[in-house]
Amino acid sequence: MKIRLVNNGVFTPVEEIEMALTPPAEGFYWIDADVDDLAVLQPLFSMHDLAVEDCLSEEEQRPKIEIYESHYFIVVNSIRFDDEEIFLRALNIFLGRHFIITVTKQKINELRTLKPMLWEQEVSQPDRFMYLLIDLIVDNYFLVGDRIEVRIEKLEEDILMHTKKSHLNEIIGLRSEILWLKKVLGPQKEVINTLNKRDLRLIDDQLQKYFSDIYENAVKISETFETYRDLMGNLREAYQSSIANRANEIMRVFTAITTVFMPLTVITGIYGMNFDNMPELHTRYGYFVVIGIMVSLGVSMFCIFRKKDWV
């Protein structure tokens, strides 16, 4: 657990947690904690039992906002994409009048990238800290969306150039990830909309208006992933069409080969009949003549098929 006094974007480490219980003369306290620290923090900051239970739960947490007497409890999901799987990491925020507590189970990159922004904008209020943090989290969805789009384009190119069976598994896996992510984005949009429209005494009225911009970005992200879902459906159709075309190509080649050998089979069938009155069987060069005719016939048919682009 790290405790910092933040004033005009400048961080001052605090050793004793009890100091954060009293409002500072200037600035606010930021407590960056993990779930194990809740046992200490809960009685000190009067955290509601249900909020603590949500933080400790092993199940995936739905984005939400809970209003309590002394603080707000907000859950938002940070996103990460490693080119194979999409990860959502819950960020639990306890917002008070003079403090903000962030509780996570895994590292959240946005908490690290937020620090220089606090210094640049000389942040001295916990509600503005939360605004910048949520704005970063939402913006990161755009970056992940761009990487997903690149992967979709590459997958489409690979399917058109050389279709493999593994492509279908990639399509199904990525489509499932997108559908799951889109399902999560709905509640997160509602949380941001609540921060924008609801009368919240711990958030400055002027700052609250800025959450509308974050909400618009959240709507754009949801629409973007809806488009990605449709693109994955198109990719699946392209894969099936490519497989069907490949099968047709193979069947066309096999058909051409069969057609070439059909007259040759007729010739060999005729001369395979062991009748006594077949003069050609007793000629000196009959075998070579028949072989020459068969080769010429086969080559001629192949050239005709080639000219018509059948093989």
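Structure's up top.
This structure is a prediction, so every number in the text was calculated from the model and none was measured.

Draft legend 1. Structural view of the nonpolar core. Among the nonpolar cores identified, the biggest contains 57 residues, and Ile74, Phe129, Met130, Ile148, Leu195 and Ile203 are the most heavily contacted of them. Those elements that place two or more of their residues in this core are strand 3 (28-34), strand 5 (72-81), strand 6 (86-95), helix 3 (109-120), helix 4 (126-161), helix 5 (165-197) and helix 7 (211-270). The greatest single-element share of this core, amounting to 15 residues, is contributed by helix 4. Each residue touching Leu195, except ones within four places of it in the same chain, is listed here: Ile65, Ile74, Met130, Ile134, Leu200, Ile203, Gln208 and Phe211.

Draft legend 2. Broad picture of the layout of surface pockets. If you add up the space inside the largest pocket, you get close to 400 Å³. What lines the largest pocket is a set of 16 residues, among which Asp32, Thr104, Lys107, Ile108 and Leu111 lie closest to the centre. Residue assignment for the lining of the largest pocket shows that the elements contributing at least two residues are strand 1 (2-7), strand 3 and helix 3. Broken down by element, the residue count for the lining of the largest pocket peaks at four residues, all from helix 3.

Draft legend 3. Geometry of the packing of aromatic side chains. Going through the model one piece at a time under the given rule, you end up with eight aromatic pairs. A connected cluster of aromatic rings, assembled from ring pairs, spans Phe11, Phe28, Trp30 and Phe129. Taking the ring centre of Trp30 as reference, the NZ or CZ of Arg4 above it sits at 4.6 Å.

Draft legend 4. Expanded view of the side chain of Thr104. As for its position among the elements, Thr104 is in strand 7 (residues 99-104). Taking the relative accessible area as the measure of exposure, Thr104 reaches 9% and is therefore buried. There is a polar contact of 3.2 Å between the side chain of Thr104 and the backbone oxygen of Gln106. Every residue in contact with Thr104, bar those within four places of it in the chain, is listed here: Ala33, Asp34, Val35, Ala90, Leu91 and Leu111.

Draft legend 5. Main features of a positive patch on the surface. A cluster of basic residues, Lys2, Lys107, Arg112 and Lys115, forms a positive patch at the surface. Tracing the backbone through its elements, the reader meets Arg112 in helix 3. Of the residues examined, Arg112 reaches a relative accessible area of 55% and is grouped as exposed.

Draft legend 6. Focus on the pairing of strand 3. Strand 3 sits mainly inside the fold: five of its seven residues count as buried. Two elements, strand 3 and strand 7, share six bridges in a ladder whose sense is parallel. When the bridges of strand 7 are listed, Trp30 appears paired with Ile100.

Draft legend 7. The arrangement of the sheet that holds strand 3 in detail. What the seven strands build is an open sheet, ordered 2-1-3-7-6-5-4; its pairing is mixed. Looking at the sheet topology across the chains shown, the edges are occupied by strand 2 (10-13) and strand 4 (64-67). Shown here is a sheet whose adjacent strand axes are inclined to one another by a mean of 25°, direction ignored. The sheet contact formed by strand 1 and strand 2 spans four bridges and is antiparallel. Its bridge partner lying in strand 2, Asn7 is registered against Val10. Across the sheet, helix 4 is in contact with strand 3, strand 5, strand 6 and strand 7; its angle to strand 5 comes to roughly 25°.

Draft legend 8. The packing of helix 4 against helix 7, seen in detail. Following both chains from N to C, one finds helix 4 and helix 7 inclined at 15°, their axes separated by 10 Å at the closest point. When the axes of helix 4 and helix 7 are compared, the pair comes out roughly parallel. For the element pair helix 4 and helix 7, the recorded crossing hand is left-handed. Of the residues contributing to the contact of helix 4 with helix 7, the split by class is 21 nonpolar, three polar and six charged.

Draft legend 9. Up close: the pattern of salt bridges. Applying the stated criterion across every chain, the model contains four salt bridges. Glu226 is paired through a salt bridge with Arg229; the nearest N and O atoms lie 2.5 Å apart. Remark: Arg229 and Glu226 occur in helix 7; sequence separation between them is three residues, near one turn of the helix. Take Arg229: its relative accessible area is 29%, and that puts it in the partly exposed class. Because the salt bridges share partners, they merge into one network encompassing Lys182, Glu226, Arg229 and Asp230.

About the cut-offs
Residues numbered from 1 in each chain as written. Predicted model: local features only at pLDDT ≥ 70, side-chain atom pairs only at ≥ 80, totals over all residues. Heavy atoms only, no water. Core = buried A, V, L, I, M, F, W, Y, C linked by side-chain atoms within 4.5 Å. Buried < 20%, exposed > 50% of the residue type's maximum accessible area, 1.4 Å probe, protein only. Helix = DSSP H or I, 4+ residues; strand = E, 2+ residues; numbered from the N terminus. Contact = heavy atoms within 4.5 Å. 1 Å grid on protein atoms, 1.4 Å probe; cavity = no way out; pocket = protein on both sides within 12 Å on 5 of 7 lines; lining within 4 Å. Points joined across faces, edges and corners; volume = space filled by probe spheres on them. Phe/Tyr/Trp six-rings, centres within 6.5 Å; stacked < 30°, edge-to-face > 60°. Lys NZ or Arg CZ within 6 Å of the ring centre and 35° of its normal. Polar contact = N/O pair within 3.5 Å; in protein donor to acceptor, adjacent residues only side chain to side chain. Patch = residues over 30% accessible without salt bridge, like charges linked within 9 Å, V, L, I, M, F, W, Y side chains within 5 Å. Areas by Shrake-Rupley, 256 points an atom, 1.4 Å probe, with all protein chains shown as cover. Salt bridge = Lys/Arg side-chain N within 4 Å of Asp/Glu carboxyl O. Lys, Arg positive; Asp, Glu negative; His and termini not counted. Charge placed at Lys NZ, Arg CZ, Asp CG, Glu CD. Pairing = 2+ DSSP bridges. Axes fitted to C-alpha atoms, helices over the stretch in contact; angles between N-to-C directions. Parallel < 35°, antiparallel > 145°, perpendicular 65-115°, else oblique. Left-handed = near helix turned anticlockwise from the far one by under 90°. Nonpolar A, V, L, I, M, F, W, Y, C, P; charged D, E, K, R; others polar.

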